[in-house]
Amino acid sequence: MSAKQFIALLSSHVAGDEDQFLSIALQVAAQEARSGNAAEAEKLKRIVQRLRDRVSDPPKAQSVVPMARPRGELLEFVQSAYPKTGLDGMVLADRIRARLNRVVRQQSERALLRDHGQVPASHILLVGPPGTGKTMTAAALAAELHLPLFTVRLDSLFSRFFGETASRLRLLFDQVARTRGVYLFDEFDAVGSVRGDSNDVGEIRRVLNSILTFMEEPNATDSIVIAATNHPEILDGALSRRFDEIVEYDVPNGDAARTLLSRRLRPLKLADKAWSDVEPATKGLSQAELVRAADTVVKDAILEGAKTLSPAALRAALDDRQALKGRLNAQR
């Protein structure tokens, strides 16, 4: 083991960074294997695997990583949680799952990347219609990496006092640099709109410029900053170029809709022969809309004591969602 690796190993142990600690240990194992010490390398790999198995689930007492000070100011516009459901709990298109798994792998092996002069993806933009899984993705990434999820409430972030919003952003990005986690900016178009827009105001421009500056700063903790938006077309081009990954979501196709409904309807079962009647009513509905329709059917079945799924009831619930969506779209 080199002195650099030994220092990094001790530093990660002192910081309580289990992922980095194990990653460095694997680097040492690889180095031993290259030096011809295959038995020692294999022994070290087994130890690392046992440690990973031991910490695969976060301890129950560790509900949320405490936020760094100034606690009071940050808690005015940041909510914290420790999600449990990872990417396997989501119905995702293969292309989306592959990109998200790449982020998880880069974050899990970030020490190895840095040894080769690279850094893991840490700025991610999620775009797509409402209800397609963007917010849930942020929670799933936090669960995969055993990190807290910090959700930034943009409505509380903005201040009517001149310059105060930018100073709050400074506090937030200082937090990003101190405490490793997943930081979610939902409805990001509220602050990321194109500079110079005729409806823009001076404070919005100042906030956007501040975000651009902060995103250029080194991220010593490898925290993940996620921005989610339903309107990527209005984002400033300079901002979108700051993201390492841009993941595009869409409403589920027929196969994905069926998988999602089947999962959500459990223990009720959706028969193959009933799907041909149900499928047309799923077209254009988001994941969230499909979930709500399935939940309606399950709740009714529980209250009525039904043991089997009524395809007619599911079709009716989906039709209701289609009608509601049509009325809302007509009002826009």
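Provided above is the structure to which this section pertains.
Residues numbered from 1 in each chain as written. Predicted model: local features only at pLDDT ≥ 70, side-chain atom pairs only at ≥ 80, totals over all residues. Heavy atoms only, no water.

A. Representation of the overall build of the protein in the model. Check the secondary structure of the protein and you find 15 helices and six strands. Considering the protein as a whole, with its 332 residues, one finds that 42% of them fall into the buried category. Taking the contacts inside the protein whose residues are at least 6 apart along the sequence as the reference set, 77% of them involve residues at least 24 apart. Total accessible area on the protein stands at roughly 17900 Å², and carbon and sulfur atoms take up 53% of it. (Helix = DSSP H or I, 4+ residues; strand = E, 2+ residues; numbered from the N terminus. Buried < 20%, exposed > 50% of the residue type's maximum accessible area, 1.4 Å probe, protein only. Contact = heavy atoms within 4.5 Å. Areas by Shrake-Rupley, 256 points an atom, 1.4 Å probe, with all protein chains shown as cover.)

B. Spotlight on the packing of aromatic side chains. Going through the model one piece at a time under the given rule, you end up with two aromatic pairs. With centroids separated by 6.2 Å and ring planes inclined at 25 degrees, the aromatic side chains of Phe173 and Phe185 adopt a geometry described as stacked. Of this pair, Phe173 sits in helix H9 (residues 164-178) while Phe185 sits in strand S4 (residues 182-185); the two residues are twelve residues apart in sequence, bridging distant segments of the chain. Exposure class is identical for Phe173 and Phe185. Each is buried. (Phe/Tyr/Trp six-rings, centres within 6.5 Å; stacked < 30°, edge-to-face > 60°.)

C. Geometry of unusual backbone geometry. Cis geometry marks the peptide bond from Arg266 to Pro267, where omega comes out at 10 degrees. Mapped onto the secondary structure, Pro267 falls in the loop between helix H12 (254-265) and helix H13 (272-278). The phi dihedral of His146 falls on the positive side, at around 55 degrees, and the residue is not glycine. Along the chain, His146 falls in the loop between helix H7 (134-144) and strand S3 (149-152).

D. Looking closely at the pattern of salt bridges. Evaluation of the coordinates by the stated rule reveals ten salt bridges. Taking the shortest distance from any N to any O, the salt bridge between Arg99 and Glu245 comes out at 2.8 Å. One end of the pair, Arg99, is in helix H5 (residues 94-108); the other, Glu245, is in strand S6 (residues 245-248), with 146 residues separating them in the sequence. Overall, the relative accessible area of 28% leaves Arg99 in the partly exposed class. Measuring nitrogen to oxygen at the nearest pair gives 2.9 Å for the salt bridge that ties Glu245 to Arg102. In this pair, Glu245 sits in strand S6 while Arg102 sits in helix H5, placing the two residues 143 residues apart along the sequence. Residue Glu245 is classed as buried on the basis of its relative accessible area of 6%. Judged by relative accessible area, Arg102 falls into the partly exposed class, the value being 40%. (Salt bridge = Lys/Arg side-chain N within 4 Å of Asp/Glu carboxyl O.)

E. Examining the nonpolar core more closely. Formed by 25 residues in total, the largest nonpolar core has its most connected members in Leu87, Leu100, Ile124, Val182 and Ile226. Every element with two or more residues in this core is listed here: H5, strand S2 (123-127), H7, S4 and strand S5 (224-229). The leading source of residues in this core is H7, at five residues. For Leu87, the contacting residues outside a window of four places in its chain are Leu92, Arg97, Leu100, Asn101, Val104, Ala140, Leu141 and Glu144. Membership of the second largest hydrophobic core comes to 24 residues, among which are Val78, Leu157, Leu171 and Val176. (Core = buried A, V, L, I, M, F, W, Y, C linked by side-chain atoms within 4.5 Å.)

Bear in mind that shape data such as this cannot, by itself, settle questions of function.
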